[in-house]
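Breakdown of the fold
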Amino acid sequence: MLKKLTVLALCQFACLSCAMKAAPKNVIIFIGDGMGVEEVKAAGIYATGKPGTLSFEAFPHKAEMTTRSADSEVTDSAAGGTAIATGVKVNNGTISMAIPGDGQELKTLLQYFQERGKSAGLVTTTEMTHATPAAFGAHESSRKTQAEIASDYLTQTRPAVLFGGGGAGMSPAAAQSAGYTVVTDSSQLQALNTETATRVSGQFGKTHLPYEHDGLGKLPHLSEMTQTALAILDNDRDGFFLMVEGGKIDHAGHEHNIQRQVKETVEFSQAVQVALNWAQNRNDTLIIVTADHETGGLKVLKNNGQGKVPAVSWSAKDHTGANVPVYAWGVNSQRVAEVMDNTQLFGIVTGVAGASQTPAPLAKK
């Protein structure tokens with residue numbers, strides 16, 4: 001009996017070792033906030049005149065993903081982001097804490113990889129303290145506590161890269177006091193010495209970045225922020241974790257503004273292409289492109305050709321419970337298939353068997 005148990009233990013250890021070896025060195029997750037299947041289709045039509053032509057649509061592995069939160073069939077970005085970041089369902093409005101449950105902090109992918117010696121970064125076109133990036137780098141019972149989310153970034157999780165809209169709890173003085181170099185426009189971002197930069201806070205404007213359609217002025221595009229983030233993070237020989245959010249796809253969906261939305265999604269696709277160009281000759285990286293939820297109930301009705309917005313209809317004023325797409329390239333990407341739940345991404349990204357598993361919650365603050 002003892003011999004059988006010893007053999008079983010060795011097999012379990014071997015399986016764990018294989019799972020750990022399967023974990024990618026570098027992980028890049030792109031989240032198109034509010035980007036459903038029809039949003040992708042509309043942007044492809046606008047960009048090239050044909051659907052199925054955005055950069056990530058050529059990825060070898062694809063799936064649909066369910067998105068409900070713990071307390072609603074329709075998730076918000078806080079709960080949706082948390083499910084992706086931690087592998088755990090929480091109530092709407094919650095940022096990576098066990099609610100429902102004991103209220104403990106849930107370890108995020110960003111922290112999981114930091115514990116393994118990797119650098120980490122968060123990039124977004126929304127306020128830096130908005131719900132989706134917060135789900136990866138903060139722990140709060142309410143997404144509304146943006147000053148506390150900023151504090152979590154600067155004093156608890158301390159990602160090497162924080163690029164997004166300024167204000168909403170973030171300030172240059174606070175970031176500088178925490179040891180971050182602060183940049184506030186595109187020229188300052190481009191002037192960074194990415195070979196020596198260690199912690200950088202990009203605070204671009206006083207709120208969300210402008211829409212691509214309206215012009216960004218001196219502020220950087222999502223693809224620029226992604227390029228610089230990669231150039232900083234890839235200095236770490238142990239690898240890195242990066243989350244990039246196209247946050248204003250959702251905003252345009254709430255407004256039922258297809259012209260703004262397609263341009264946001266096309267720029268999001270260009271940011272993915274930047275990452276793919278960086279990774280194309282590597283065999284140690286996983287890139288996942290997905291959404292936290294769909295917004296607006298968009299339906300494409302007619303292709304009006306390249307450079308023209310398609311005719312569309314909208315069936316909702318807010319988020320919907322529609323399945324969203326997932327696209328995967330690189331290490332473990334074959335595990336993205338068929339219909340999956342957003343909590344399963346944690347296991348795929350970490351390489352741990354049992355895709356919906358997550359490490360034990362952290363201790364309370």
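Going by the structure above, here's the rest.
What this report covers is the structure whose coordinates are included nearby. (Residues numbered from 1 in each chain as written. Predicted model: local features only at pLDDT ≥ 70, side-chain atom pairs only at ≥ 80, totals over all residues. Heavy atoms only, no water.)

Under the 1.5 Å per step criterion, the end-to-end length of helix H11 (residues 258–279) is 31 Å for 22 residues, consistent within 8% with the ideal 32 Å. Counting buried residues in H11 gives 17 out of 22 residues, a clear majority hidden from the surface. (Helix = DSSP H or I, 4+ residues; strand = E, 2+ residues; numbered from the N terminus. Expected span 1.5 Å × (residues − 1). Buried < 20%, exposed > 50% of the residue type's maximum accessible area, 1.4 Å probe, protein only.)

For the structure shown, the criterion picks out eight salt bridges. In this structure, Glu115 engages Lys107 in a salt bridge whose closest nitrogen and oxygen atoms are separated by 3.0 Å. Its salt-bridge partner being Arg260, residue Asp214 comes within 2.8 Å of it at the nearest N-O pair. Taken as a pair, Asp214 in the loop between strand S6 (200–203) and helix H9 (222–233) and Arg260 in helix H11 lie far apart in primary sequence, 46 residues in all. Under the relative-accessibility criterion, Asp214 is labelled partly exposed at 42%. What you see here is one network of salt bridges that share partners, running through Lys107, Glu115 and Arg116. (Salt bridge = Lys/Arg side-chain N within 4 Å of Asp/Glu carboxyl O.)

Here we come to the sheet that holds strand S4 (residues 161–165). Each strand in a sheet pairs with its neighbour through backbone hydrogen bonds, running either in the same direction (parallel) or in the opposite one (antiparallel). Pairing within the open sheet is mixed, and its 10 strands lie in the order S5-S6-S4-S3-S7-S1-S8-S13-S2-S14. The outermost strands of the open sheet, each flanked by one partner alone, are strand S5 (181–183) and strand S14 (339–341). Neighbour to neighbour, the strand axes of the sheet diverge by 20° on average, direction disregarded. The pairing of strand S1 (residues 26–32) with strand S7 (residues 240–246) spans seven bridges and is parallel. Across the sheet, Phe30 pairs through a bridge with Val244, a residue of S7. Across the sheet, H11 touches S1, S7, strand S8 (285–290) and strand S13 (324–330), and the angle it forms with S1 is around 170°. (Pairing = 2+ DSSP bridges. Axes fitted to C-alpha atoms, helices over the stretch in contact; angles between N-to-C directions. Contact = heavy atoms within 4.5 Å.)

The next point concerns the packing of aromatic side chains. For the structure shown, the criterion picks out nine aromatic pairs. Their ring planes at 25° and their centres at 6.0 Å tell us that Phe136 and Phe241 sit as a pair that is stacked. In this pair, Phe136 is assigned in helix H5 (residues 131–137) and Phe241 in strand S7, connecting sequence segments 105 residues apart. On the basis of relative accessibility, which here comes to 0%, the residue Phe136 falls in the buried class. The exposure class of Phe241 is buried, given its relative accessible area of 0%. Ring centres of Phe240 and Trp278 lie 5.3 Å apart, and the angle between their planes is 65°; this geometry places the pair in the edge-to-face category. (Phe/Tyr/Trp six-rings, centres within 6.5 Å; stacked < 30°, edge-to-face > 60°.)

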